[in-house]
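Tertiary structure, described
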Amino acid sequence: MAYWLFKTEPDELSIDDLKAEPSRSFLWDGVRNYQARNFLRDQVQLGDQVLIYHSSCKPPGIAGIARVSRTAYPDPSQFDATSPYFDAKSTADNPRWVAVDVQFEQKFDQLLMLDMLKKYTKLANMPLVRKGNRLSVMPVTDDEWHAILSLKALSPQD
DNA sequence: GCCAACGTTGGC
DNA sequence: GCCAACGTTGGC
């Protein structure tokens, strides 16, 4: 079992969307970066836990946890000419991009904000906190995972 | 809205 | 196979 962090723009899919339908498997599509694709295709396993990171919003941060409910399969959006994720160079015989499914597990009481995560030395090696990094699917080490969960416990409740 | 950083593309 | 140009990401 492994740990991951997936980025999402909450306008498109947020932790609240997952929470609203906790028994539903949500298609995690639109990954169009080869390094991220390779993680999805080759390493993400059923039952893996995923930190759900909200990006391009204010403030950005980790909003909760999901679980992988289906491993990699061809991302349908690559074949959909009306989708922003359409890829004319991808074929059904040899699909270029993959998706997985995720299911809600937990919403954090408080968003773990990026500016706080950046101050935490145990997380300094995460691509997430490194300037200019755009990786949208990244592995999370056991140490990082536990550090993040301990931050969650420390964050003020309301 | 700006723009730095990065990944991808394509000419050569 | 290099690398300049371009498009995108994503924090600010």
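Residues numbered from 1 in each chain as written. Chains lettered and ligands numbered in written order. Predicted model: local features only at pLDDT ≥ 70, side-chain atom pairs only at ≥ 80, totals over all residues. Heavy atoms only, no water.

Quick notes on helix H2 (residues 34-42)
- By the burial criterion, the buried members of H2 are Ala36, Arg37, Phe39 and Leu40. Burial along H2 is one-sided: seen end-on, the buried residues are contained in an arc of 160°.
- Among the structural elements, strand S1 (3-8), strand S4 (61-74), strand S5 (98-113) and strand S6 (137-140) are those in contact with the buried residues of H2.
- N-cap assignment for H2: the residue whose side-chain oxygen lies 3.0 Å from the backbone N of glutamine 35 is asparagine 33. (Buried < 20%, exposed > 50% of the residue type's maximum accessible area, 1.4 Å probe, protein only. Helix = DSSP H or I, 4+ residues; strand = E, 2+ residues; numbered from the N terminus. Arc of directions from axis to C-beta. Contact = heavy atoms within 4.5 Å. Polar contact = N/O pair within 3.5 Å; in protein donor to acceptor, adjacent residues only side chain to side chain.)

Brief notes about the protein's contact with DNA strand B
- Near DNA strand B, the surroundings consist of Asn33, Tyr34, Lys131, Gly132 and Arg134.
- A share of 67% of the atoms of DNA strand B within 4 Å of the protein falls on sugar and phosphate groups.
- Take lysine 131: an N or O atom from its side chain is 3.3 Å from a phosphate oxygen of DNA strand B.
- Taken together, the residues of the surface near DNA strand B break down into one nonpolar, two polar and two charged. (Near = heavy atom within 4 Å. Nonpolar A, V, L, I, M, F, W, Y, C, P; charged D, E, K, R; others polar.)

What about the UniProt feature "domain: EVE" (unreviewed entry) in chain A?
- In the numbering used here, UniProt assigns the feature "domain: EVE" (unreviewed entry) to residues 2-150.
- As annotated, residues 2-150 has a helix share of 19% and a strand share of 33%, and its two end C-alpha atoms lie 18 Å apart. (UniProt positions renumbered as here; feature names shortened; annotations may be inferred.)

A few points about unusual backbone geometry
- Residue proline 59 is bonded to the preceding lysine 58 through a cis peptide linkage, with omega at -10°.
- With respect to the element layout, proline 59 can be found in the loop between strand S3 (49-54) and S4.

Concerning the side chain of glutamate 144
- The residue glutamate 144 is located in helix H4 (residues 142-154) in this model.
- This buried residue, glutamate 144, is left without a salt bridge; arginine 130 holds the nearest opposite charge, at 7.3 Å.
- Setting aside chain neighbours within four positions, we find glutamate 144 in contact with Lys122, Leu123, Asn125, Met126 and Pro139. (Lys, Arg positive; Asp, Glu negative; His and termini not counted. Salt bridge = Lys/Arg side-chain N within 4 Å of Asp/Glu carboxyl O.)

Regarding the protein's contact with DNA strand C
- Around DNA strand C, the surrounding shell consists of Lys7, Tyr53, Ser55, Ser56, Pro60, Leu114, Lys118 and Arg134.
- When atoms of DNA strand C within 4 Å of the protein are split into backbone and base, the sugar-phosphate part holds 83%.
- Lysine 7 is positioned such that a nitrogen or oxygen atom in its side chain is 2.9 Å from a phosphate oxygen of DNA strand C.
- The backbone of arginine 134 places a nitrogen or oxygen atom 2.9 Å from a phosphate oxygen of DNA strand C.

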